[in-house]
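# Examining the three-dimensional arrangement
The lines below spell out each chain.
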Amino acid sequence: KTNIQLDFWSKYVSNTSQKTAIVIVDALRYEMGKEIMSMIDEVENKSISPLIASIPTVTEFGMASLLPNGNTRLILKEEDNSVKIMDGNFDSPLNNKAERVKFFLELSDGKGTVKNLNDIVEIPINSLKNEFKDKERILVFSNEIDEAGHIEDSSIQIFPGLLNKIQSAIRKLVQVGIERIVVVADHGFILTSKLEDWM
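Being a predicted model, the structure only gives us computed values, none of them experimental. (Residues numbered from 1 in each chain as written. Predicted model: local features only at pLDDT ≥ 70, side-chain atom pairs only at ≥ 80, totals over all residues. Heavy atoms only, no water.)

### Overview of the layout of surface pockets
Where empty space is left becomes clear once a probe the size of a water molecule has been rolled over the atoms. One number sums up the size of the largest pocket: a volume of about 1,000 Å³. In this structure, the largest pocket is lined by 35 residues; those nearest its centre are Ser 47, Ile 48, Ser 49, Val 182 and Val 183. Class assignment of the residues belonging to the lining of the largest pocket gives a composition of 20 nonpolar, eight polar and seven charged. (1 Å grid on protein atoms, 1.4 Å probe; cavity = no way out; pocket = protein on both sides within 12 Å on 5 of 7 lines; lining within 4 Å. Points joined across faces, edges and corners; volume = space filled by probe spheres on them. Nonpolar A, V, L, I, M, F, W, Y, C, P; charged D, E, K, R; others polar.)

### Comments concerning unusual backbone geometry
That bond from Ile 55 to Pro 56 is cis: its omega, 0°, falls within 30 degrees of zero. Relative to the elements of secondary structure, Pro 56 occurs in the loop between strand E3 (51–52) and helix H3 (59–65). With a phi close to 75°, Ala 27 is a non-glycine residue in the positive phi region. By the secondary structure assignment, Ala 27 is in the loop between strand E2 (20–25) and helix H2 (30–39). (Helix = DSSP H or I, 4+ residues; strand = E, 2+ residues; numbered from the N terminus.)

### Focus: the sheet that holds strand E8 (residues 180–184)
Strand pairing in a sheet relies on backbone hydrogen bonds. The paired strands run either parallel or antiparallel. Strands sit in the order E6-E7-E2-E8 across an open sheet of four strands; the sheet is parallel. Looking at the sheet topology across the chains shown, the edges are occupied by strand E6 (112–116) and E8. Within the sheet, the average angular offset between the axes of one strand and its neighbour, ignoring direction, is 20°. As defined by bridge partners, E6 adjoins strand E7 (residues 137–142) across five bridges and the pair is classed as parallel. Note that in E7 the partner of Asn 116 across the bridge is Phe 141. Lying over the sheet, helix H4 (residues 97–108) contacts E6 and E7, oriented at roughly 150° with respect to E6. (Pairing = 2+ DSSP bridges. Axes fitted to C-alpha atoms, helices over the stretch in contact; angles between N-to-C directions. Contact = heavy atoms within 4.5 Å.)

### Digging into the nonpolar core
Counting 28 residues, the largest nonpolar core has Phe 132 and Ile 145 as its most contacted members. Secondary structure elements with two or more residues in this core: E2, H2, helix H5 (117–122), helix H6 (125–132), E7 and helix H8 (155–175). Among the elements that take part in this core, H8 stands out by supplying seven residues, more than any other. Ranked by size, the runner-up nonpolar core spans 22 residues in total, among them Ala 64, Leu 66, Leu 94 and Phe 103. (Core = buried A, V, L, I, M, F, W, Y, C linked by side-chain atoms within 4.5 Å. Buried < 20%, exposed > 50% of the residue type's maximum accessible area, 1.4 Å probe, protein only.)

What follows is the structure, encoded as structure tokens:
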């Protein structure tokens, strides 16, 4: 059974009282998720599930769909010849990362925090423990794949290093006492240039 992206938060995050880290990897494909699963043998209780992405499958819609939304649909408004994305409950704007982070932190009521994947990997364990002490929801962003996709022929080269970085972050989050870790994507990617055998 496959869930839709708009139901992500209620199905995988708000249904638990455990301290949870949500690692959102921009453009992570399902196959890469399977690869990450094979890299974390020491994690006992793990599973993988596909999600049907919101259409259009671009960052703005996918990222907005992954936020806590009470299973409501996003509201789209045309304004100045462009489409504006609002959440379905409070009419909060969700058009860019700054607006999405603000929305998440407001809904978290002091129990949420936001980090980049590099922060998790680089910050010492004791510092992370202190930062996460009173937090119940840790939102972690990675946009390396999506950024690399805008540079011709470079994105595939970063995959092994990025997968290792995600693996390191998961291990570190476990070490600092995060009870549940969910890795999710806003959309996948499509390779459009020639592939070599190793890829």
